[in-house]
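Remarks on the overall topology
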Amino acid sequence: MKLSRQFTVFGSAIFCVVIFSLYLMLDRGQLDYPKSRRREGSFPQGQLSMLQEKIDHLERLLAENNEIISNIRDSVINLSESVEDGPKSSQGNFSQGAGSHLLSSQQSSLPIDPQDCLFALQSGSRNSDVQMLDVYSLIPFDNPDGGVWKQGFDITYETDEWDTEPLQVIVVPHSHNDPGWVKTFDDYFREKTQHIFNNMVVKLKEDSRRKFMWSEISYLSEWWNIIDTQKKDAVKSLLENGQFEIVTGGWVMPDEAGSHYFALIDQLIEGHQWLEKNLGVKPRSGWAVDPFGHSPTMAYLLKRAGFSHMLIQRVHYAVKKHFALHKSLEFFWRQNWDMKSVTDIFCHMMPFYSYDIPHTCGPDPKICCQFDFKRLPGGRVACPWGIRPEAIYAGNVKNRAEMLLDQYRKKSKLFRTKVLLAPLGDDFRYSERIEWDQQFKNYQLLFNYMNTQPQLNVKIKFGTLSDYFDALDKADASRKNSQSMFPVLSGDFFTYADRDDHYWSGYFTSRPFYKRMDRIMESHLRAAEILYYFALKQAQKYKINELLLSSHYEALTEARRNLGLFQHHDAITGTAKDWVVVDYGTRLFQSFMKLKRIIGDSALLLILKDKHTYNYYSSDTFLKMDLEQKSQDSLQQKNVIKLSTEPRYLVVCNPTEQDRNSVVSVHVSSSTVQVLSASGSPVEVQVSAVWDTASTISQTAYEVSFLAHTPPMGLKVYKILESVSSKSHLADYTLLNGETEKGLFNIRNVKSAEEYITLENSFIKLRFNQLGLMEEMMNKEDGKNHKLKVEFVWYGTTDRNDKSGAYLFLPDGEGKPYVYTVTFVRVTHGRIYSEVTSFYGRVTHSVRLYNVQGIEGQSVEVRNIVDIRKEYNHEIGMRISSDINNENRFYTDLNGYQIQPRMTMSKLPLQANVYPMTTMAYIQDAKHRLTLLSAQSLGVSSLKSGQIEVMMDRRLMQDDNRGLGQGVHDNKITSNLFRILVEKRSVVNMEEEKNSVSYPSLRSHVMSSFLNHPVLTMAGEVSSPTPELLGEFSPLLSSLPCDIHLVNLRTIQSKVGTGHSDEAALILHRKGFDCRFSSRDTGLLCSTTQGKILVQKLFSNFAVESLTPSSLSLMHPPPDAQNISEINLSPMEISTFRIRLR
């Protein structure tokens, strides 16, 4: 009661202070109008400048008032934190008390609009003709010999089948150019790709019937930079007359398993923006012949970008056979969650083994190879089947044309129309002029013959991919039945196998160091994009030329392109040569360093009280990130902040769109440390040891942790200093099987544990065994003890000739426990966080529990530092075993965008039951869900009931015969970061578990967002004079709705030059979520609004000058594009808007 009275009085005081400060502002801000009357329009220059000064003064007063309110809010929070959460209980040897001190945040039930819960209950594309989960249940996976088409069946036809309607064949010349694989991007470009383009310009002009197409804009832009105007005009002419087509038009042809949808969208925008600026073309057909399996996320993104058709190739050979038997190789691909068919995109699946010429003209590669005229006698490439092509001339044209037509006819029998696609290309083809002549001249002779023989009933020509889809659409539309002849399919195409039991599930994990680096790069690029656009607007307003004329936008563009390049299907996959991996890593690292500068400079301008002092402090970045990476292959480390009695600024950036309470940890030079809010109020801190080795404490560095309250997409300022009056809380340590000298910290050295180790906060109690491995979790909401056993497992590789490599996972059986002889365990108990760190030789395993209310306290943070550089043909995984009865069903995300249900199938080998996980995987039964959230893409499985197993690294000494020519033995010390969340489910009908769709909870969504977009901490340099900073920069009026994620706020390029425009691409995603979980004490500082956002209530420091809808990649404005005042998003929708702020 007394506490309640205190808050009432304090609240009244706040109200009075705010009203009084507003009154003072208005009073001080009165403008001195001229006393004498003047003619309109003759306002003197001197008084204009006075008026400008007054306006600037008023703006500063507004900023100060915002700071006053921010400081008052801090005081309220600090006051609430000073109240204990409950009585402390006695502590055991290794236990932290149940009532341990908790840092509180706002606690309430989550306000969810009931309408927002209906989507997850109703959704699921039940009207799909083909559901991939069902297909897997139907297929026997018995792999019989199919004859000439080894993985298929014999195809027959009647010669009169085309009498009434001739067969239309569109032969599509193409060249697949990997932006790095066994050579670097630059080496491929110099040796191959530039010659392909140069030859194309000459050879297509020789005959207007010739066609060619291209997809990777990274290469096209590189060539464009070095060619003359004459060649550029020739390319534009070829595009205009339809001889040359750009397909997909992304920066690369991306991997679809490990890439996050942020990066997939970003590389698509980068390619499309380049095309718009330089060529004025808009791709309309998707082409993905080489990614190792296909995700419906990519289909959705292409649909949102304005595409109507797409093509895929690498699909499990048994699935291809099944689809060929049912003539379902062409279908409308619909998202699992789509009930209204709004996401349908037409998809063509290539039927045979590869996209090369021997596997694209028909079912018999021995014959098709004879029509790859690069392999003519005398050339460097021959046919593996022993029969070379023959050059076409009058004496053999009849025989050769009929032989080729036979293959075309057989292939056409696998499809529903009499229009046939026949790709004509392979990797880095057409780099030599002679190949252009060999292919085009010989094929034209065959075409001429076929087209002049009426009895053959064939029309054949060169074409592009869109030529094929146009002909197909015309054939479909000409049918009397108004309904399309093509089936609707939902689901995905993982895990890919190209033959036998060779499943490509190894690359889900290969080179995990760079998979983690990719995610760190994404979060920094996104933060830099958002802060830069806000800073740009303020720089324009205050005429801050130092920022306006900086090279930051060029550096942002370079970072977008380097991240885009890494999404290539031989980069993020970990399937390139060692030196190519180093090249990718170096590009990411160099851009990472520049992004840190952009973030620091942008944050400084936004947080400065007097913007005009920016030039003075930005020459040598005043705000520097606290994390440092010394090289492209090293882990990040924290910089040590040198303290003195003079306060230094700490600026904390929250890149997420919700208010956030997150623990911030920095390294400092003194243990007597004080952290203050911007108003000078002390903030509670925990001081922990920095460990130089497992059992050696640093004498020069200390870790300081505190709870930071940060506004959405904003900045919060703290001060840090050395102070003898510091009221910091020192962490306590218990060392098991190890010893260290006692000093500042209270350390207990124990030879063996007499009882279980426990960690505890107000949500969770964890129990560990004597090896420091978690065994049990108690969820305090329902008081249930869950078995939650963590262990590490090894996989070897098979003793057969074909072994695991960069692509393939071919294990020698089930995972075997990783046995550790001597284990050193370090237990930390602290006011802010507690953790158990165990050292197992190859793995350093840390489990951390945050003693805070809200999101961060409700899950368990797990970090594994993995070092298998001395292993031989071993792969290591982390297995979590629980008592959840998931009945062989589990769930993995696709690209961080959607959840795909999986079934562990006994008829498939172990490696086939491993799937890609980008951000999360979960298992569930009627009562509980166990979720593993991940900060990097890895392979995941659930091989036994109750288990989630995630692969963490793989070291393999041999090539797996897929063209790379090496194993995976460039391992790095790698950090893997996870969170484990157990949630109680409301009553669930288990029949619903068989649905083709599932959704995370809102709590899980926000945790995943926090994990992948951590707060960024910057330390202010020691400077004289010290700049005056605002207490915070809060660009949004309030948190966005809980289910809406701001994917990016990406400054758009200018139409000329290399600079930027005034506009940005605002990309929003409304997430689908499952409400059937407890909404008590979620710690979420947001609500849901049925996907509605009022534009004028979006930003606080900026006015929205214009906001117009666009297609996803900015290619297509809607025909009636107008300013909108309200954003309306459907569940799962990703939409892009062109926005201009001032």
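Glancing now at the overall build of the protein. Helix and strand content of the protein: 20 helices and 51 strands. Within the protein, buried positions represent 63% of all 1142 residues. Taking the contacts inside the protein whose residues are at least 6 apart along the sequence as the reference set, 76% of them involve residues at least 24 apart. Roughly 42,200 Å² of accessible area belongs to the protein as shown, and the carbon and sulfur atoms make up 50% of that amount.

Turning our eyes to something else, we now look at the nonpolar core. With 272 residues, the main nonpolar core has F323, Y408 and F493 as its most contacted residues. Broken down by element, the residue count for this core peaks at 17 residues, all from helix α15 (residues 512–542). For F493, the contacting residues outside a window of four places in its chain are M132, G293, H294, I312, V315, V319, F323, F331, W333 and M349. In terms of nonpolar packing, the next biggest core, distinct from the first, is built from 30 residues, V664, V683, F745 and F839 among them.

Sheet architecture is open: four strands sit in the order β46-β47-β51-β49, paired in antiparallel fashion. Only two strands of the sheet have a single partner each, and these edge strands are β46 (1044–1053) and β49 (1104–1110). Neighbour-to-neighbour, the strand axes of this sheet turn through a mean angle of 25 degrees, independent of strand direction. The strands touched by helix α17 (residues 552–566) are β46 and β47 (1060–1070); relative to β46, the strand with the most contacts, the crossing angle is about 120 degrees.

Another point: unusual backbone geometry. At the junction of F494 and T495, the peptide bond is cis and its omega measures out at 0 degrees in the coordinates. Along the chain, the position of T495 falls in the loop between β11 (488–490) and α15.

Spatially, 11 strands are ordered β25-β24-β31-β32-β33-β34-β43-β40-β39-β36-β37 in an open sheet, and the strand pairing comes out mixed. In the strand order of this sheet, the two ends are held by β25 (746–750) and β37 (898–903), each with one partner. Across this sheet, the average inter-strand angle for adjacent strands is 20 degrees, counted without regard to direction. As defined by bridge partners, strand β24 (residues 732–736) adjoins β25 across five bridges and the pair is classed as parallel. When the sheet's bridge partners are listed, T734 is paired in β25 with R748.

We now examine the pairing of strand β8 (residues 345–349). On any regular strand, side chains alternate: one points to one face of the sheet, the next to the other face. Summarising burial for β8: five of the five residues are buried, a large majority. Direction of pairing for strand β6 (residues 309–312) relative to β8: parallel, over a ladder of four bridges. From the neighbouring strand, H309 faces β8, where its bridge partner is F346. With four bridges joining them, strand β7 (residues 330–333) and β8 adopt antiparallel strand pairing. Directly across from E330, in β8, lies its bridge partner H348.

The next thing to look at is the confidence of the model for the protein. For the protein, per-residue confidence averages 90 on the pLDDT scale, and residues scoring 70 or more make up 90% of the total. Counting contacts from residues 67–102, a segment whose pLDDT is below 50, to residues more than four positions away or on other chains yields 86 contacts. Low confidence marks residues 104–108, where pLDDT is under 50. Its contacts with residues over four positions away, or in another chain, come to 17 contacts.

What follows covers the environment of N801. With respect to the secondary-structure elements, N801 resides in the loop between β29 (784–795) and β30 (816–817). Residue classification places N801 among the exposed residues on the basis of a relative accessible area of 79%.

Within the secondary structure, K611 is located in the loop between α18 (578–607) and α19 (614–618). We note that K611 is buried and unpaired, the nearest opposite charge coming from D610 at a distance of 8.5 Å. Side chain to side chain, K611 and Q538 meet in a polar contact 3.2 Å long. Within the structure, the side chain of K611 is placed 2.8 Å from the backbone oxygen of L605, a separation counted as a polar contact. In contact with K611, other than residues within four places in its own chain, are Q538, Y542, I544, L605, L606 and L1030.

A few words on the pattern of salt bridges. In the structure shown here, the tally under the stated rule is 64 salt bridges. With a closest N to O distance of 4.0 Å, E1032 and K716 form a salt bridge. Here the residue E1032 occupies a position in strand β45 (residues 1032–1033), and K716 occupies one in strand β22 (residues 715–722), the gap between them amounting to 316 residues. The pair formed by E1032 and K716 is uniform in burial state, with each residue classed as buried. As a salt-bridge pair, D1043 and R1070 come within 3.2 Å of each other at their nearest N and O atoms. Residue D1043 is found in the loop between β45 and β46, and its partner R1070 is found in strand β47; the two are separated by 27 residues along the sequence. When its relative accessible area of 0% is taken as the criterion, D1043 is described as buried. What emerges from the salt-bridge pattern is a single network uniting D372, K374, R375, R429 and E435.

Quick look at helix α7 (residues 229–240) now. Spanning 12 residues, α7 covers 16 Å between terminal C-alpha atoms, matching the ideal 16 Å at 1.5 Å per step. Buried residues of α7: A234, V235, L238 and L239, and no others. Across the axial projection of α7, the buried residues extend over an arc of 135 degrees, all falling on one side. Along α7, exposed side chains directed more than 90 degrees from the buried face belong to T229, Q230 and E240. Its buried side turned inward, α7 meets α5 (185–205), α6 (217–224) and β4 (244–246). In the stretch just after α7, G242 is the one whose phi turns positive, near 85 degrees.

What follows concerns the state of the cysteines. Scanning the model with the defined rule gives four disulfides in all. The disulfide that involves C361 links it to C368, with 2.0 Å between the sulfurs. Across the disulfide from C361 to C368, rotation about the S-S bond amounts to roughly -90 degrees, and the bridge is consequently left-handed. For the pair shown, C361 and C368 are each scored as buried.

Let us now look at the environment of V458. Checked against the element boundaries, V458 lands in strand β10 (residues 458–462). Looking at V458, the relative accessible area reads 6%, which means it is buried. Once residues lying within four places of it in the same chain are set aside, the contact partners of V458 are P166, L167, V169, L405, M450 and N451.

What follows concerns the side chain of S838. Within the fold, S838 resides in strand β32 (residues 833–839). Overall, S838 belongs to the buried group, its relative accessible area being 0%. Within the structure, the side chain of S838 is placed 3.4 Å from the backbone oxygen of L771, a separation counted as a polar contact. A polar atom in the side chain of S838 sits 3.2 Å from the backbone oxygen of G772.

Taking 1.5 Å as the rise per residue, helix α14 (residues 465–477) with 13 residues should run 18 Å; its terminal C-alpha atoms sit 18 Å apart, in good agreement. Burial in α14 covers these residues: L465, S466, Y468, F469, A471, L472, A475 and D476.

For strand β18 (residues 673–677), the tally of buried residues reaches five of five residues, placing the bulk of the element in the interior. Of the two faces of β18, the one carrying V673, V675 and S677 and the one carrying Q674 and L676 are both buried. Relative to β22, β18 is paired through five bridges, and the arrangement is antiparallel. Opposite V673, over in β22, you have E722 as the bridge partner. Bridging between β18 and strand β19 (residues 682–683) involves two bridges; their strand directions are antiparallel. For V675, the partnering residue across the bridge sits in β19 and is V683. Where β18 folds back onto β19 in an antiparallel hairpin, the turn is made up of four residues, including G680, whose phi is positive at roughly 100 degrees.

Each value, and the rule that gives it
- Every chain is numbered on its own, with residues counted from 1 as its sequence reads.
- Totals for whole chains, interfaces and linings use every residue, but because this is a predicted model, local features are given only for residues with pLDDT of at least 70 and side-chain atom pairs only at 80 or more, for both listing and counting.
- No hydrogens and no water enter the side-chain calculation; it runs on all heavy atoms of the structure.
- Secondary structure elements are taken from DSSP: a helix is a run of H or I of four residues or more, a strand is a run of E of two residues or more, and numbering for both begins at the N terminus.
- When a residue's accessible area, from a 1.4 Å probe over protein chains only, is under 20% of the maximum for its type it is buried; when over 50% it is exposed; and in between it is partly exposed.
- Should any heavy atoms of two residues lie within 4.5 Å, those residues are considered in contact.
- Here the open area of atoms and residues is found with the Shrake-Rupley method and a 1.4 Å probe, where only the protein chains shown may cover a residue.
- Only buried residues count toward a nonpolar core. Its members are Ala, Val, Leu, Ile, Met, Phe, Trp, Tyr and Cys residues joined through side-chain atoms within 4.5 Å.
- Pairing between two strands is assigned when DSSP locates at least 2 bridges connecting them.
- Axes here refer to lines fitted to C-alpha atoms; in helices the fit is confined to the stretch in contact. Angles between the N-to-C directions go from 0 to 180 degrees.
- pLDDT is defined as a per-residue confidence score from the predictor, taking values between 0 and 100.
- Neither His nor the chain ends contribute to the count of charged residues, in which Lys and Arg are positive and Asp and Glu negative.
- Counted as salt bridges are all cases of a side-chain nitrogen of Lys or Arg within 4 Å of a carboxyl oxygen of Asp or Glu.
- In protein, a polar contact requires one atom able to donate a hydrogen and another able to accept it; more generally it is a pair of N or O atoms within 3.5 Å, and residues adjacent in sequence count only if both atoms are side-chain atoms.
- Multiplying 1.5 Å by the residue count of a helix minus one yields the expected span of that helix.
- Our arc is simply the arc of the directions from the helix axis toward the C-beta atoms.
- For this text, the term disulfide refers to a pair of cysteine sulfurs within 2.5 Å.

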